[in-house]
Structure formats: structure tokens, C-alpha cells
Amino acid sequence: MKKQSIDIPNLIKEYSIFIDTSSLMRSQAQDFLMQKISPYLKIENKKLVLMKEVTDELFKIKEDKKKQQPPEKRLEAKKGYETCIKLIDQDCANHMGKSSSVNYADNFFLVKFTEERYKRKLCLITQDRKLSNDILDLNESSSSGKAKGIRVFSLHKAEGLKEYFLSEPKKTVSNSDKLINVTIKKPAHIKPLFSDNTKLIDIKQTKSLKIEASIKSKDELFDESGKNVYLIGDKIGSGAEGTVYSISNMNSKTISSRSVCKIYSKDMLDNHRLEKLQLMVKNQISSNGICWPKSLLYTSKNEPVGFIMNKAEGYSLKRSLFAHPKIFEEKLPSWDRANLVKVCLNILNAVNLLHKNNVLLGDINGGNIMVNDKCETFIVDADSFQIEGYPCPVGSPEFTAPEIQKIKFGTFLRTKDNEYFSVGTLLFMILMCGKHPYSSVDGGMVTDNIEKAQFPYPFGRVDSASRIGFDPSKPPPGPWRKIWSHIPYTSKQSFFNCFAKNERIDGLSWSKILKNYHNTLEKGADDPQSYAIIPENYKVVPQDVIDKFKNDKQEET
Amino acid sequence: MSLILEDRELAINPNPRVPICIALDTSASMTGNKIDELNKGVKLFLDAILEDEVTRFSADIAIITFGRHVEKVLDFGDVENIKLHQLTAGGGTPMGGAVLEALRMLEDRKKQYKKNGVTYWQPWLIVMTDGMATDGSMQLVDKVKEAAIKTSKLVKDKKLNLFSIIIEPGTSEELETFGGKLAPLDGVKFEEFFQWLSQSVSVVSESTPGTGFKLPDPQSWTSIEW
């Protein structure tokens, strides 16, 4: 097998290099960094990036106040910490980031890399296989290839640096470092089902389909081939556009438990909607979490009247998770916070699948997503999705990004970035039990609040420095600030960036961040109140973190 | 004490609220069939609001009557707890004073929302009357005019959804000056009207604040189209 040596000078020239705690704790780290890296840094007049979160973590392990670490680990951390001090002393590293109660520095890297990846080329040195995969995934998730490229390496005894690549399932893993030995090709890029580069179709210029039929229970309908006959069953629900019925396939004589149909009200199905449905039926996105149109339904006169889709179960978010706490408790009495995070992750799975195929949901809101008591989620109203040139004709201002607040829905094509705002708002409201991110004291109408972008929740010390006009008296009274205090750092940071700084992350990044949140809850959170849907107290901050915070503050002043 | 409890309830409920003030004519001319049907309609309305778990926690309703005097018969935030007394007819038609009181209440309620970080829809005001106001242009202080100046500006600024309903044999003359939507009630179709109103409130509760919403067709209780 041919080994590729790493061109260190070039790496230093082109990339900003970050180092993780796990690598700094390696015995060879100091020698390697001081001898192999630092000379080139001086030549290129560049510096390594040492995150405060990393040095904090090293410090914490080294001091080990809770007496949990084995002595050898404390020694490794001590040496790593000394390496950091040397690097900083010799002007080889920038010490940046935020020191605070961060437990998981790898989350932090993910957020940092997500933010910075479009600005410069990034390199991470870590021994953590999982982190390296998460970081490398960012290369895959970057929209339209704007990212400048991310590389990840580990420290290796013999070779100095060894590059990580995204693993493919079958490849073997080397036993020592659990690294992949050979350069592996990235998984073949699967082409999205739909184009993201289509001109807007003017849906105002519709032609009526002049459909005469009026469908009700017990009527018979046909699929496109005319071979399958369906019997319309009981009415399940109705909305402004149409009615949902249960349906049974006459050929198999069974009532489908998984499928239902939507029948449009008079004049609600126009030529554009029909064309879009045909496009969707032809290109199936199959996921239980998305009620994608599976087949169009026609009358015996061949008039299209509706479509078959997956059945959604449970309650709308609006009538459960976003409702008054009494209603939430009534409907989902045994839930805790892990369920809420799971709901977020399930919705994100569906959203990410749609986004990967260049489908935008458009009208994200609490009425369009259903959830059952097993945390399974279902996105309904798929016929209003934005697909290629067909815009989503409707929207919910509460979930609409400020830059498109005043534009009439259906007259423009939304961007993924627009939708990331809606996704952020949705996730916030799920974790915050229905409270809108911009509900604040002295706020007003939701839409005004969005345009003013006054996010009322505090975020560490970054806040006071970076946010002009932030008034700590604005968080709404009630349980909301307590809930906020129990949300982990990286999630809070991403919400803060989205709502206070207008910097949004994509759904894949959210999935990763919230998976970590879920893992924390599974593993056992420090504060039992962190499991409560509505906690009674603010999160208890461990004493050592408080002490450190005080010390830092004194140093600053 | 009650104020603190009230604030707590405001703060703990994440739903955006729609404040709705209904000003009802209970003057002497409403005696008989009309006041009976009105009572039935109001009861039906409150029942429908309470029955739905979304509107119960988002529709914030107050009722004012104007007859012998202007009286607050249901205050905001009380809809879950109060037993509404039967409305009785008698006295004059101090509609101007009632509308002014309604505007003051809506304004106060909005302040309370703001204090508690509650988001809301634009307030609704419903005025129902069958006659000329007794505190209007015939009087030294024309409260109808004063009210109309305020309401028409609020409606124009899109800060108020106003519905004026003419009960027979009333005329549109004064109500027109308020701005907003105006419609005559067919006969004594109070129940139909309040049914429509609860459906409308439901439509708004299901929509999002700040958006347009399409109200149900009012043809069940009026002959005109909006």
C-alpha cells in the first residue's frame, strides 16, 4: 500500500490548524508541534488555533478536583497543558474562544467549523474518530460547494500526521489508532431528485381544471393506470384546501392502515398544483416522516381530484407540544426532555432528506407537523412544498425569516437559508414548549419582533460584548428562562447565532448538535432538573465552574 | 393577589393571544325575543371557545353591555372561571361610552401582554346595536364621535379588527363612522352570528399573528358579502 506523506509546509500555508485535547494529550505532541510545526509557522507568519475550551479541558483533567481521573491521564493532561503554554509563549498559537462551563469541546469544534468553513480552509488535529467523521461530514453537507475544504488529521507515532477520511462501511479499521489506513474515496454523490436552479413559475396565472366532481365517503376513485380502484372511507379531517379521508384498495379489499387520501375542495386543484403533484408522484421521496403524494386519484371520468399519501399519526405540534402546559401534560404525560430532543431529531431527519433533494417545506409551522407518543413525526401538507419552479404558495410569518417577512408568499422562490430560520424557530419552540424565540417583555406582534430581532435570552459572556441593545430585563416572565438555562451550550449558541446575529446553520449541523444533547441526556445529565419539560429551577452550575468564572473575571478587570 | 395569579397564567401559556372585546346593546329596545336570542348566542359562543383546546387558551374574551349603563360583564382572562349572568334589557343606548371603555380595556390588556412577554394578534372589537346611541351627536359631549375618531384610526393603522353588527331596526348611520366591517343581522340570528364568530376566532387562532386570514362566509346570519 502506498503511503502518502503529508506536505506540512503547504498545510500550514493554506489551512488554519486547530488542535483537539485528545491530540495534545499524546506523548509525542509537544515534540512534534515544537519541532515539525512551529518552524513552518514562523516562516509563513501563521499561528495554530488553541481553543480556550481545549485548554480549559486540559486544566480540568490535570487538576481533577472531582478525583475521577487516573493518574496517567492527569499527567498527560499536564504535559498537554504545558505544551499549550509553550506554544502561546513562543507566539506559535492564538488562544481564542470562550472559557466557560463547556463540557464537550468537540461540540464546540463542530460549531466553530460550521461557522468558519466558508471563510477559510480548516484543519483539525484530533485522535477522536467520531469527531473527525462529524467534522468531515461538513464537507459533504456544505451547500453548493461553497466551503473551502476541511481536512482532519491525527497524531501518529511514526508518520507525524495521518489524515482521516470519511469511512465507508466495509473498510477495515487499523487496530492501534482506529484509523483508516488508506485513502478512501468519498461516497459517490447521490444526485438530488430535483433541481435547485429553476425559474419561478407564476402561480397566479392558473387555469381552472373545471372539475365538476364532488367526492364524498363511499365514492370510488382510480389511480393513474385506472387499474387500481379505491373506495373513499371515513372523513379524518378537513382544512381550507380539502378533506382527508381513509381509503381502501378495492383490488386487495383491505383498508390501508398506512395510507389516506386528500381530496381537494372545489376549485382548489389548479393546473400548477396538478403539475407539481405529477412531478412529486414521479419522483418519490419515501420516508414515514413525510406524507409525500404517492399516487394521484381520478374519477371515472378521469378528472384528478386528490392524491394518496402516508397517514400521519398523533397530534399537531400546535395542539400538543406548543399548547398550554395543561394540554401538553394531558396528552403526553410521561414525556421528559429527551422526548423533546428526539422529536427535533426526527423532524430534522425528514427536513434533511427533503433539503438534500432540493425540496423546501416552505410553510413550516406547528400545524403542519404531527407527532405521536412514540416521538415519531410526520410532515403533512406536502403538496405545498417548494419544488423546482413551483413556489410554496403559503407561509407562516411566525416562522418566516426577516429578509422575506414582507414579501407575498407564492411570488418568489425561498432559499435554503430562508428555511434554516424556520427550522431554527421550530426547534427552539419545541425545546421551549411553544414559546416563540422573539416573545419578549415590551415586545408586540410576532412579526414586528422578528424584524427587530431582539432575542431576549442571555448567552454567556459573549452576549454583553457582542450584542448591542441587549437588555437583560427582556426575557419573558414565566418558566422560559429556566428552560433556556438547561439547554446545552452548543444548542444555545446556535439559537443565539440564529436569532441575535442572523447566522443560521443547516439541518445537518442541527442534527449533530442535538444528537450530542440527546447523548448527554441518555448518559445522565448532571442536574436532574435537566430532564424536566418545565424545570423548577435554573440549571445548577458546578462549583468549580463558578470558581473559574470568578477567577477569569478578576483577571479581566 | 388575583393580579399575580393572572400574570402567572399569562406568563405560563405560550400561545399567542387574540384579545376580543364584545360590546352588546342591552337597551330597553332589546327587550323580549332579541335579548333572549342574544343570551343564547353569547352562551353558545363561550361554550364553543372553551370546547376547543386551542381557542380556549388563545382567545381572550371580554364582554361589555350598554343599557342602563356601561357594564363590564366578563373581563379578560376570566373565560374559564366565570358563570355569565343572563343579560337583561333596559335603559338607553350609551354606545359611545361602551366603545371607549372597550378600547381602554383592549389597550390595557395589550400592556399586560407586553409586560408578560406574551405575543398577540391585533385586538378584535365587536359592536352590536339596534338603535341610535344616547350618548351621540344629540348630547353636549358626543362620545360616539370621540369613539369613532379613535376606532377609525386604529382600523386604518391595522391595529384593530372591528365588526359592527346592526340589529333590526337599527341603521348603519353611526356604525359606519367607526370604520371596519359592517353588516346587518338577519332577524334574530344571534346564534348563527356567534357560531360564525367562534369559527372566525378559531381560524385566527390556527393562523399566525400578523397575517391575513380568511374568515368564514357570513351568509348564515347576514345578507351582505364581505
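Residues numbered from 1 in each chain as written. Chains lettered and ligands numbered in written order. Predicted model: local features only at pLDDT ≥ 70, side-chain atom pairs only at ≥ 80, totals over all residues. Heavy atoms only, no water.

Q: Can you tell me about the overall build of chain A, naming the residues and giving the values?
A: The helix and strand inventory of chain A stands at 17 helices and 17 strands. Long-range contacts, defined here as pairs at least 24 residues apart, represent 67% of the contacts in chain A between residues at least 6 apart. Summed over all atoms, the accessible surface of chain A reaches about 26,400 Å², with 49% contributed by carbon and sulfur. (Helix = DSSP H or I, 4+ residues; strand = E, 2+ residues; numbered from the N terminus. Contact = heavy atoms within 4.5 Å. Areas by Shrake-Rupley, 256 points an atom, 1.4 Å probe, with all protein chains shown as cover.)

Q: Break down the overall build of chain B for me, citing the residues and quoting the values.
A: Check the secondary structure of chain B and you find 6 helices and 6 strands. When the helices and strands of chain B are read in sequence order from the N terminus, they spell out α-β-α-α-β-β-α-β-α-β-β-α. Compactness check: chain B gives a C-alpha radius of gyration of 17 Å against a globular reference of 17 Å for 226 residues, within 12% of the reference. Principal-axis analysis of the C-alpha atoms gives chain B an extent of 45 × 35 × 35 Å. The 226 residues of chain B split such that 53% are buried. (Rg over C-alpha atoms; globule rule 2.2 N^0.38 Å. Buried < 20%, exposed > 50% of the residue type's maximum accessible area, 1.4 Å probe, protein only.)

Q: Now, about the side chain of His518(A): what can you tell me, with residues and values included?
A: Residue and element names in this part refer to chain A. The topology assignment puts His518 in helix 16 (residues 507-523). With relative accessibility at 13%, the residue His518 sits in the buried group. Aside from chain neighbours lying at most four places away, what touches His518 is Ala338, Val341, Lys342 and Leu345.

Q: For the side chain of Asn346(A), give the residues involved together with the corresponding values.
A: Tracing the backbone shows Asn346(A) in helix 10 (residues 337-356). Leaving out residues up to four positions away in the same chain, Asn346(A) has contacts with Cys375(A), Glu376(A) and Thr377(A).

Q: Talk me through unusual backbone geometry; I want residue IDs and the actual numbers.
A: For residues besides glycine, phi is generally negative; the peptide bonds are generally trans as well. Going from Glu168(B) to Pro169(B), the amide bond is cis rather than trans, its omega being 5°. Counting through the fold element by element, Pro169(B) comes out in the loop between strand 5 (161-166) and strand 6 (181-184). Although it is not a glycine, Lys218(A) sits at a positive phi angle of roughly 75°. Among the secondary structure elements, Lys218(A) is positioned in the loop between strand 6 (160-164) and strand 7 (220-222). You will see that Glu388(A), though not glycine, has its phi angle at about 45°, which is positive. Looking at the element boundaries, Glu388(A) is found in the loop between strand 17 (386-387) and helix 11 (416-431). Given the relative accessible area of 22%, Glu388(A) is considered partly exposed.

Q: Tell me what's going on with the interface of chain B and chain A, and back it up with residues and numbers.
A: Facing 29 residues of chain B, the contacting portion of chain A comprises 30 residues. The three residues of chain B that bury the most area against chain A are Pro14(B), Glu53(B) and Thr119(B), which together make up 23% of that side's buried surface. Between the two partners, chain B and chain A, sit 3 salt bridges. Between Arg319(A) and Asp52(B) there is a salt bridge; the shortest N-O distance is 3.1 Å. If you look at where chain B meets chain A, you find 7 residue pairs in polar contact (both at pLDDT 80 or more). Broken down by class, the residue content of the side of chain B that touches chain A amounts to 10 nonpolar, 11 polar and 8 charged. (Buried area = accessible area lost by both parts, 1.4 Å probe. Salt bridge = Lys/Arg side-chain N within 4 Å of Asp/Glu carboxyl O. Polar contact = N/O pair within 3.5 Å; in protein donor to acceptor, adjacent residues only side chain to side chain. Nonpolar A, V, L, I, M, F, W, Y, C, P; charged D, E, K, R; others polar.)

Q: Which residues make up the pairing of strand 6 of chain A, and what are the values?
A: Consecutive side chains of a regular strand alternate in pointing toward one face of the sheet and then the other. Residues and elements named next belong to chain A. With 5 of 5 residues buried, strand 6 is to be regarded as a mostly interior element. Across 5 bridges, the pairing between strand 5 (residues 150-156) and strand 6 is antiparallel. Each bridged residue has a counterpart across the sheet, and for His156 the counterpart in strand 6 is Gly160. Once strand 5 ends, the chain turns through 3 residues before running back antiparallel as strand 6. (Pairing = 2+ DSSP bridges.)

Q: Run through the sheet that holds strand 13 (residues 315-316) of chain A, naming residues and quoting values.
A: Residue and element names in this part refer to chain A. Read from one edge to the other, the open sheet built from 3 strands follows the order 13-15-16, with strand pairing classed as antiparallel. Where the open sheet ends on each side, the last strands, each with one partner, are strand 13 and strand 16 (377-379). Of the pairings in the sheet, the one linking strand 13 to strand 15 (residues 369-371) comprises 2 bridges and is antiparallel in character. Counterpart to Ser316 in the pairing with strand 15 is Met370. Here helix 10 sits on the sheet and contacts strand 15 and strand 16; the angle it forms with strand 16, its principal contact strand, is near 35°. (Axes fitted to C-alpha atoms, helices over the stretch in contact; angles between N-to-C directions.)

Q: Describe the packing of helix 4 (residues 95-115) of chain B against helix 5 (residues 143-156) of chain B, listing the residues and the values that go with them.
A: Residue and element names in this part refer to chain B. It is at 8 Å that the axes of helix 4 and helix 5 come closest, and there the two elements cross at 40°. The orientation of helix 4 with respect to helix 5, classified from their angle, is oblique. Note on packing geometry: the crossing formed by helix 4 with helix 5 is left-handed. Contact residues: Gly96, Gly97, Val99, Leu100 and Leu103 in helix 4; Lys143, Val144, Glu146, Ala147, Lys150, Thr151 and Leu154 in helix 5. Its residues assigned to classes, the contact of helix 4 with helix 5 shows 6 nonpolar, 3 polar and 3 charged. (Parallel < 35°, antiparallel > 145°, perpendicular 65-115°, else oblique. Left-handed = near helix turned anticlockwise from the far one by under 90°.)

Q: Summarise the sheet that holds strand 2 (residues 59-66) of chain B; cite the residues concerned and give the values.
A: Residues and elements named next belong to chain B. Pairing within the open sheet is mixed, and its 6 strands lie in the order 3-2-1-4-5-6. At either margin of the open sheet sits one strand with a lone partner, and together these are strand 3 (70-74) and strand 6. The sheet shows a mean angle of 20° between the axes of neighbouring strands, taken without regard to direction. As judged from the 5 bridges shared by strand 1 (residues 18-25) and strand 4 (residues 124-129), these two strands associate in the parallel manner. What sits directly across from Leu24, in strand 4, is Met128. Relative to the sheet, helix 4 contacts strand 1, strand 2, strand 3 and strand 4, its axis offset from that of strand 2 by approximately 155°.

Q: Mind laying out the confidence of the model for chain A, listing which residues take part and the relevant values?
A: Within chain A, residue pLDDT values average 85, and 87% of them lie at 70 or more. Contacts from residues 169-186 of chain A, a stretch scored under 50 in pLDDT, to residues over four places away or in other chains number 28 contacts. (pLDDT = per-residue confidence, 0-100.)

Q: How would you sum up helix 11 of chain A? Please name residues and give values.
A: Residue and element names in this part refer to chain A. Along its 16 residues, helix 11 runs 22 Å from first to last C-alpha, staying within 8% of the 22 Å computed at 1.5 Å per residue. Most of helix 11 is tucked away: 14 of the 16 residues are buried. In the stretch just after helix 11, Cys433 is the one whose phi turns positive, near 55°. (Expected span 1.5 Å × (residues − 1).)

Q: Before we move on, could you go through the pattern of salt bridges and cite the residues and values that matter?
A: Oppositely charged side chains can form a pair if their charged atoms are brought close together. All names here are of chain A. Inspection of the entire model under this criterion finds 32 salt bridges over all chains. The shortest N-O distance in the salt bridge between Glu241 and Arg273 comes to 3.1 Å. In this pair, Glu241 sits in the loop between strand 8 (229-238) and strand 9 (242-249) while Arg273 sits in helix 8 (residues 271-282), placing the two residues 32 residues apart along the sequence. You can call Arg273 buried: its relative accessible area is 10%.

Q: Summarise helix 10 of chain A; cite the residues concerned and give the values.
A: Residue and element names in this part refer to chain A. Between the first and last C-alpha of helix 10 there are 28 Å, a value that for 20 residues agrees with the 28 Å anticipated at 1.5 Å per step. Of all 20 residues that make up helix 10, 16 are buried, and the element is covered over most of its length. N-capping of helix 10 is provided by Asp336, with a side-chain oxygen placed 2.9 Å from the backbone N of Ala338. Following helix 10 by one or two positions, Asn358 has its phi on the positive side, about 60°.

Q: Any details on the nonpolar core? Residues and values, ideally.
A: If you look at the biggest cluster of nonpolar residues, it comprises 118 residues, and the most contacted ones within it are Trp292(A), Leu321(A), Trp335(A), Phe385(A), Ile430(A) and Leu514(A). Among the elements that make up this core, the one with the highest residue count is helix 10 of chain A (11 residues). Counting residues in each nonpolar core, the second largest holds 36 residues, with Leu24(B), Leu38(B), Ile63(B) and Val79(B) among its members. (Core = buried A, V, L, I, M, F, W, Y, C linked by side-chain atoms within 4.5 Å.)

Q: Go over the pairing of strand 5 of chain B, please, and point to the residues and values.
A: Residues and elements named next belong to chain B. For strand 5, the buried fraction is high: 6 of the 6 residues fall into the buried class. Going residue by residue along strand 5, you find Asn161, Phe163 and Ile165 tucked away on one face and Leu162, Ser164 and Ile166 tucked away on the opposite face as well. Pairing of strand 4 with strand 5, which is carried by 6 bridges, proceeds in the parallel orientation. Among the inter-strand pairings, Leu125 is bridged to a residue of strand 5, identified as Leu162. Tracing the backbone out of strand 4, into helix 5 and back to the parallel element strand 5 gives a crossover that is right-handed. With 4 bridges joining them, strand 5 and strand 6 adopt parallel strand pairing. Each residue of the ladder has a partner; that of Ile166, found in strand 6, is Pro184. (Right-handed = clockwise from strand over helix to strand, strands pointing away.)

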